[in-house]
Amino acid sequence: LGAVTNNGKGISSPIFKGKILSVKCALDGPDEEDPGIYNGFAGIQYAAKAGYYAGKRTIINCSWGGGGSSSSENSAINTYINTYGAIIFAAAGNGDDDTGNEEYAPHYPASYDNVLSVCALKCDGSWGGWATYHHSVDLSAPGEDVLSTIVGGEYKEWDGSSMASPNAASASGLFWAYHPKLTNIEIIVML
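In what follows, the accompanying structure is described. Quick caveat, the model's predicted, so the values are computed rather than measured. (Residues numbered from 1 in each chain as written. Predicted model: local features only at pLDDT ≥ 70, side-chain atom pairs only at ≥ 80, totals over all residues. Heavy atoms only, no water.)

### A short note on the packing of helix 1 (residues 40–53) against helix 2 (residues 71–82)
The N-to-C vectors of helix 1 and helix 2 enclose an angle of 10°; their axes lie 10 Å apart at closest approach. Between helix 1 and helix 2, the interaxial angle falls into the category roughly parallel. Residues Phe41, Ile44, Gln45 and Ala48 of helix 1 form the contact with helix 2, whose participating residues are Glu73, Ile77 and Tyr80. Taken together, the residues of the contact of helix 1 with helix 2 sort by class into 5 nonpolar, 1 polar and 1 charged. (Axes fitted to C-alpha atoms, helices over the stretch in contact; angles between N-to-C directions. Helix = DSSP H or I, 4+ residues; strand = E, 2+ residues; numbered from the N terminus. Parallel < 35°, antiparallel > 145°, perpendicular 65-115°, else oblique. Contact = heavy atoms within 4.5 Å. Nonpolar A, V, L, I, M, F, W, Y, C, P; charged D, E, K, R; others polar.)

Pasting the structure below:
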C-alpha cells in the first residue's frame, strides 16, 4: 500500500511518500494467523476522522469482508465519505471457499454503496478464475502472486483480493496527488 519507491529494496508502491495509519480491528487471542475482524467499522471511522482532522486526503483500505449486510453499516460508510472526505477500498472476495472457483456474490463492506470494490486479477492482467466478482465490483487489480512484506523484514507472494485492494488504493493515491483539487467523490466517480 505504501512501500517506499525507488530505494532499490524489496517492493514498491504506486504512491510516492504516502503515509500509513495502521488501525487494529482484531482482538488479541490464540489465533494470531487469523484473528478475525471485530471492530472493522469502528476502525474505518477512526481512520476517516483521523485523516479529516489532520487535514489529509484519506484513502482507507479494507482487506477484509464477508457475507451479510446492514443498512446501518452502509449509512456509516456514507457518513465517512460525505462528512470526512474519505475514499474507501475493499476486497471483493476470494471466490467459493468450498470449490476454490470464482464466485458471483456480494461481499461486504466491498458491495456497499460508495465503497470501491476490488476484484483480483493475475499480475499480467488476465483472469485467474478464482476470485469473487459481482455487479457491485468497481475495479480489478493485481491480486495473484503479489509480493508483500511479512513479519521479520522478509517478503512473500500472496494471492487474494486482499492484495488487489491495496494495489488499487495506492494507485488512487497517486492519481489524487496529481489532481489535488478533486474531491473524494470526484475521484470515486472517475475511478
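So that's the structure; there's more coming.
### So, the environment of Ser22
Summarising the element assignment, Ser22 is placed in the segment before helix 1. Its relative accessible area of 66% is what places Ser22 among the exposed residues. Spatially, the C-alpha atoms of Ser22 and Ala105 are 29 Å apart, while their sequence positions differ by 83 residues. (Buried < 20%, exposed > 50% of the residue type's maximum accessible area, 1.4 Å probe, protein only.)

### A short note on the packing of aromatic side chains
Using the criterion set out here, one finds 8 aromatic pairs in the structure. Residues Phe41 and Tyr112 carry aromatic rings whose centres are separated by 6.2 Å and whose planes lie at 70° to one another, so their mutual orientation is edge-to-face. Highlighted residues: Phe41 in helix 1 and Tyr112 in the loop between strand 3 (103–104) and strand 4 (115–122), separated in sequence by 71 residues. Across the pair, exposure class does not vary: Phe41 and Tyr112 are buried alike. (Phe/Tyr/Trp six-rings, centres within 6.5 Å; stacked < 30°, edge-to-face > 60°.)

### Some details on the nonpolar core
The biggest cluster of nonpolar side chains holds 36 residues, and the ones touching the most others in it are Ile44, Ile60, Ile77, Tyr80, Ile88 and Phe89. If you list the elements that add at least two residues to this core, you get helix 1, strand 1 (59–62), helix 2, strand 2 (87–91), strand 4, strand 6 (139–144), helix 3 (161–178) and helix 4 (184–190). The leading source of residues in this core is strand 4, at 5 residues. (Core = buried A, V, L, I, M, F, W, Y, C linked by side-chain atoms within 4.5 Å.)

### Comments concerning the side chain of Thr58
Assignment of secondary structure puts Thr58 in the loop between helix 1 and strand 1. For Thr58, a relative accessible area of 8% puts it in the buried group. A distance of 3.4 Å separates a polar atom in the side chain of Thr58 from the backbone oxygen of Lys56. (Polar contact = N/O pair within 3.5 Å; in protein donor to acceptor, adjacent residues only side chain to side chain.)

### Re a nonpolar patch on the surface
On the surface, a cluster of nonpolar side chains totalling about 310 Å² of accessible area is made up of Tyr104, Trp127 and Tyr133. For Trp127, the position within the fold is in the loop between strand 4 and strand 5 (132–133). Given a relative accessible area of 35%, Trp127 falls into the partly exposed group. (Patch = residues over 30% accessible without salt bridge, like charges linked within 9 Å, V, L, I, M, F, W, Y side chains within 5 Å. Areas by Shrake-Rupley, 256 points an atom, 1.4 Å probe, with all protein chains shown as cover. Salt bridge = Lys/Arg side-chain N within 4 Å of Asp/Glu carboxyl O.)

### Regarding unusual backbone geometry
Here the residue pair Tyr108 and Pro109 is connected by a cis peptide bond, since its omega of 15° sits within 30 degrees of zero. Here the phi dihedral of Asn6 falls at roughly 65°; this positive angle occurs in a residue that is not glycine. Within the secondary structure, Asn6 sits in the segment before helix 1. For Asn114, which is not glycine, the phi dihedral falls at a positive 75°. As for its position among the elements, Asn114 is in the loop between strand 3 and strand 4. The class of Asn114 is partly exposed, set by a relative accessible area of 32%.

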